[in-house]
Amino acid sequence: MAGSIFDAIVIGLGAHGSAAAFALAGRGLSVLGLEAEVRGHELGSSGGRSRMIRRAYFEDPGYLPLLTAAWEGWDALGAAAGETFVEVTGGLYAGLADSDVFRGSEASARLQALPHEVLNGAEIRRRWPVFTVGDDVGGLYDPGAGMIRPERAIAAQLRLAETAGADLRFGERAVEWRPGPGGDLEVETDMGVHRARHLVIAAGAWTGSFVPDLALPLEVERVPVFWFEPTVPIAEIEVGRLPVWIIETTTDGAFYGFPHDPEAGLKVARHYSGDVIDPEVVDRAQRLADVDRVRTFCRQFFPAADGRLAGSQVCLYTNTPDRHFVLDVHPKVAGVAYASACSGHGFKFAPVIGAILADLALTGATRHPIDQFRANRFVTGPVAPGS
């Protein structure tokens with residue numbers, strides 16, 4: 001419907017956009033959510049049946065306050081939805097002694113005084129014989145880690161946003177936004193023009209096209225994910241026995257996986273593929289080279305997943321050069337906030353990022369510490385305050 005007027009508009013209704021729509025509607029605002037694809041689609045960054053959530057965070061200590069808020073947010077979302085979203089499995093993060101995954105996870109656990117165990121290769125193999133790591137590998141075991149079913153979590157955020165009064169429209173593609181008359185913002189879609197005082201851009205791999213003037217250094221990666229039939233009894237790899245895991249190799253980066261999914265199999269993927277693409281032209285076909293890459297890893301470190309290929313999916317990572325998030329306001333247009341470039345590790349933060357986006361769009365500021373995630377770290381020369 002052309003000419004609709006709202007307090008806030010959200011572009012993109014994946015993990016972070018649905019969280020922002022829920023946060024804004026929960027504050028009593030009239031909210032329009034726009035999603036180009038059908039409800040529950042898996043063409044962006046939020047599908048794949050499982051996402052890891054962990055506190056021993058090797059990426060950077062700056063995430064720790066947001067992690068705490070995210071865990072609280074998942075609990076709050078569960079209370080509101082009448083569901084439990086975090087399924088505790090424990091987590092194993094392994095590699096050589098100087099690897100980012102092992103060294104960074106151990107440092108993070110110590111910094112937070114988290115319950116954890118440091119294991120050598122022999123102990124890893126003893127506890128979980130499905131891992132065939134060498135004696136030169138060490139691991140950090142994080143008993144509190146777990147996984148979240150992304151499709152179910154996003155569905156809950158959408159449902160709660162609608163219960164709070166949000167108007168969510170699927171199959172309506174935002175084309176562009178611009179400052180409008182009287183301080184309003186206009187969002188043009190393929191079905192009309194809508195107006196609001198506040199705008200959240202949570203378009204994932206398509207974020208760059210909505211803020212081209214900011215020249216953000218974003219790269220979109222095509223990341224194939226696979227499910228394999230196991231070669232061992234299910235009892236050895238089911239939830240409650242097998243943790244979520246990340247193993248960093250010396251030759252081909254880090255791989256990750258989850259306990260057995262009865263409906264899909266054993267999920268294994270490489271964390272970052274190096275396959276930079278245009279999000280408008282994504283090859284979603286199964287590639288033999290991609291399968292072989294993951295099988296090569298499995299045969300060396302996780303042969304339990306070297307069974308028949310049961311399924312695959314393509315996920316999109318939107319990366320920055322430093323592989324950290326971008327959370328910010330538009331430096332020249334008041335009322336516009338955006339989040340993207342979560343670089344393949346952003347889903348677990350959805351509830352708090354939704355709250356941050358609501359804060360930024362409404363007031364230009366947030367109580368959460370996000371300075372290291374602002375876009376001005378990519379800019380040389382003077383920038384506008386708060387950019």
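You'll find the structure just up there.
Quick caveat: nothing in here was measured; it's all calculated off a predicted structure.

Observations regarding the overall build of the protein chain
- Within the protein chain one finds eight helices and 20 strands.
- Relative to a compact globule of 387 residues, whose C-alpha radius of gyration would be 21 Å, the protein chain shows 21 Å and is just as compact.
- The principal-axis extents of the C-alpha atoms in the protein chain amount to approximately 70 × 40 × 40 Å.
- For the protein chain, the residues scored as buried account for 57% of the 387 residues in total.
- Taking the contacts inside the protein chain whose residues are at least 6 apart along the sequence as the reference set, 71% of them involve residues at least 24 apart.

Some remarks on the packing of helix α2 (residues 64-81) against helix α5 (residues 150-163)
- With their axes 10 Å apart at the nearest point, α2 and α5 run at an angle of 60 degrees to one another. Viewed along their axes, α2 and α5 adopt a mutual orientation that is oblique. Like other packed secondary-structure pairs, α2 and α5 cross with a definite hand, here left-handed. Residues W74, L77, A80 and A81 of α2 pack against A153, A156, Q157, R159 and L160 of α5.
- Of the residues in the contact of α2 with α5, the class split is seven nonpolar, one polar and one charged.

Notes on the packing of helix α1 (residues 15-26) against helix α8 (residues 350-363)
- Closest axis-to-axis distance for the α1/α8 pair is 7 Å, and the angle between their directions is 60 degrees. The pairing of α1 with α8 is recorded here as oblique in orientation. Between α1 and α8 lies a crossing whose hand is right-handed. Here α1 contributes A15, H16, A19, A20, A23 and L24 to the contact with α8, which in turn contributes A350, P351, I353, G354, A355, L357, A358 and L362.
- In the contact of α1 with α8, the residues fall into 12 nonpolar, two polar and no charged.

Overview of α1
- Compared with an ideal rise of 1.5 Å per residue, which puts 12 residues at 16 Å, α1 spans 17 Å between its outermost C-alpha atoms and is within 8% of the ideal.
- In terms of burial, α1 is largely enclosed, as 10 of its 12 residues are buried.
- Those residues of α1 that sit buried are A15, H16, G17, S18, A19, A20, A21, A23, L24 and A25.
- Among the structural elements, β1 (4-11), β2 (31-35), α5, β9 (167-170), β12 (192-201) and α8 are those in contact with the buried residues of α1.

Things to note about the pattern of salt bridges
- Tallying each qualifying case throughout the model produces 35 salt bridges.
- Here R149 ties to E87 by a salt bridge, and the two come within 3.9 Å at their closest N and O atoms. Residue R149 is found in the loop between β8 (146-148) and α5, and its partner E87 is found in strand β4 (residues 87-88); the two are separated by 62 residues along the sequence.
- By relative accessible area, which is 23% here, R149 ends up partly exposed.

Topic: the side chain of D290
- Structurally, D290 is set in helix α7 (residues 288-301).
- The buried category is assigned to D290, whose relative accessible area is 16%.

Notes on the packing of aromatic side chains
- Evaluation of the coordinates by the stated rule reveals 20 aromatic pairs.
- One aromatic cluster is present, built from ring pairs that chain together W128, F131, Y141, W245, F255, F297, F301 and F302.
- Stacked on the ring of W71, the Lys or Arg R55 has its end atom at 4.3 Å from the ring centre.
- Of note, R323 hangs over the ring of Y272, and the distance from its end group to the ring centre comes to 3.5 Å.

Parameters at a glance
- Residues numbered from 1 in each chain as written.
- Predicted model: local features only at pLDDT ≥ 70, side-chain atom pairs only at ≥ 80, totals over all residues.
- Heavy atoms only, no water.
- Helix = DSSP H or I, 4+ residues; strand = E, 2+ residues; numbered from the N terminus.
- Rg over C-alpha atoms; globule rule 2.2 N^0.38 Å.
- Buried < 20%, exposed > 50% of the residue type's maximum accessible area, 1.4 Å probe, protein only.
- Contact = heavy atoms within 4.5 Å.
- Axes fitted to C-alpha atoms, helices over the stretch in contact; angles between N-to-C directions.
- Parallel < 35°, antiparallel > 145°, perpendicular 65-115°, else oblique.
- Left-handed = near helix turned anticlockwise from the far one by under 90°.
- Nonpolar A, V, L, I, M, F, W, Y, C, P; charged D, E, K, R; others polar.
- Expected span 1.5 Å × (residues − 1).
- Salt bridge = Lys/Arg side-chain N within 4 Å of Asp/Glu carboxyl O.
- Phe/Tyr/Trp six-rings, centres within 6.5 Å; stacked < 30°, edge-to-face > 60°.
- Lys NZ or Arg CZ within 6 Å of the ring centre and 35° of its normal.

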